[in-house]
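# Per-entry structural report
Here are the chains, one letter per residue:
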Amino acid sequence: MKKGIDLSYANKVINWNQVKEAVDFVILRAGYGKNNIDEKLVPYAAACIKREIPLGLYWFSYAYTPEMAKREAKYCISQAKKYKVTYPIAFDFEYDSLRYAERKGVRVTKQLVMEMTLAFCGEVREAGYIPMVYTNKDYANQYFNLTQLKEEGYAIWYAYYNKVCNRDDMALWQHTDSGSIPGISGRVDVNIAYVDYGDKSGWIEEAGRWKYQKKDGGLCKNCWQEVEGLWYHFDPEGIMQTGWLKEEGKWYFLKNDGSMAYKEMLMIKSPIYGEETYIFAADGHMLQTNERGAAV
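Scope of this entry: the structure provided in the associated data block.

Rules used in this analysis
- Residues numbered from 1 in each chain as written.
- Predicted model: local features only at pLDDT ≥ 70, side-chain atom pairs only at ≥ 80, totals over all residues.
- Heavy atoms only, no water.
- Patch = residues over 30% accessible without salt bridge, like charges linked within 9 Å, V, L, I, M, F, W, Y side chains within 5 Å.
- Areas by Shrake-Rupley, 256 points an atom, 1.4 Å probe, with all protein chains shown as cover.
- Salt bridge = Lys/Arg side-chain N within 4 Å of Asp/Glu carboxyl O.
- Helix = DSSP H or I, 4+ residues; strand = E, 2+ residues; numbered from the N terminus.
- Buried < 20%, exposed > 50% of the residue type's maximum accessible area, 1.4 Å probe, protein only.
- Axes fitted to C-alpha atoms, helices over the stretch in contact; angles between N-to-C directions.
- Parallel < 35°, antiparallel > 145°, perpendicular 65-115°, else oblique.
- Left-handed = near helix turned anticlockwise from the far one by under 90°.
- Contact = heavy atoms within 4.5 Å.
- Nonpolar A, V, L, I, M, F, W, Y, C, P; charged D, E, K, R; others polar.

## A word on a nonpolar patch on the surface
Among the surface-exposed residues, Met1, Tyr194 and Val195 lie close enough to one another that they form a single nonpolar patch of about 330 Å² accessible area. In this fold, Val195 is placed in the loop between strand S11 (188-193) and strand S12 (202-206).

The following block contains the structure:
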């Protein structure tokens, strides 16, 4: 088990070195609603990264459609990419979220909340992060299907303020909102993590072929993955690909080391046409010049 805290603009940290000694991880509010970034995200995230405190994020939702929830996930992911986020990214839909939707004339049902939750978490997973859902006893009963979420592989962050929790299937338990942590002025939410979310990402070589393990320990399969600023593509078996790749009608080229060509001109040898020059855009797709794409 790991001990951690979640923080937002409402918490005042006065000594990060003391915080580091007291906790194993920190989850920060990245923002809320339509790309409103928490005013403490940047300094608090920087402090965590500097001291190598494992970091997670959450987004307070004001969505009332699945598409809005998906956009909120993208806002949060854009912030996560600025930092080393190894703990989950959580969808936080609670009382104020509900009141906002109702003021907009939306009747909030369990089905709607689940659709928004799945939209948010799906976007997070697709981006290579660990999705998580924050809830409490009240909303777990009224608006979430925790069984379905667990079957989808989404972690549960459960708020239940007691010495003993009434559930045993959560990944994180927020057991108090009145905790005391050295280095923080005032009360703070304190959590217990039952899952080790240490960064498990890295390259794996198997019989001369390369695979990439994501932060949660799973392999990248049939997808793109960014690694240290470069993009790689992996087949359905998780094997890193090289050479030409066609996706959604566009051609990309994966160099011998697997990295995608972008913003560059490359001389590529073909057994039929010999060596030809190709030009690749900033997003990596081949810019069409002659009928094959080679530069004229």
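Back to the write-up after that little detour.
## Examining the pattern of salt bridges
Scanning the model with the defined rule gives 7 salt bridges in all. As a salt-bridge pair, Arg99 and Asp96 come within 3.6 Å of each other at their nearest N and O atoms. On the criterion of helical spacing, the pair formed by Arg99 and Asp96 is a turn pair, its members being 3 residues apart in helix H4 (residues 95-103). Exposure remark for Arg99: the relative accessible area of 43% places this residue in the partly exposed category. Across the salt bridge formed by Asp169 and Lys150, the nearest N and O atoms sit 2.4 Å from each other.

## Points about the packing of helix H3 (residues 66-80) against helix H5 (residues 110-126)
Orientation of H3 relative to H5, taken along the N-to-C sense of each, is 30 degrees, at an axis distance of 8 Å. Taken together, the axes of H3 and H5 lie roughly parallel to each other. Taken as a pair, H3 and H5 cross one another with a handedness that is right-handed. On H5, the residues touching Pro66, Ala69, Lys70, Glu72, Ala73, Lys74 and Ile77 of H3 are Leu112, Glu115, Met116, Ala119, Phe120, Glu123 and Val124. Its residues assigned to classes, the contact of H3 with H5 shows 9 nonpolar, no polar and 5 charged.

Scope: geometric values only; no functional claims are made or implied.
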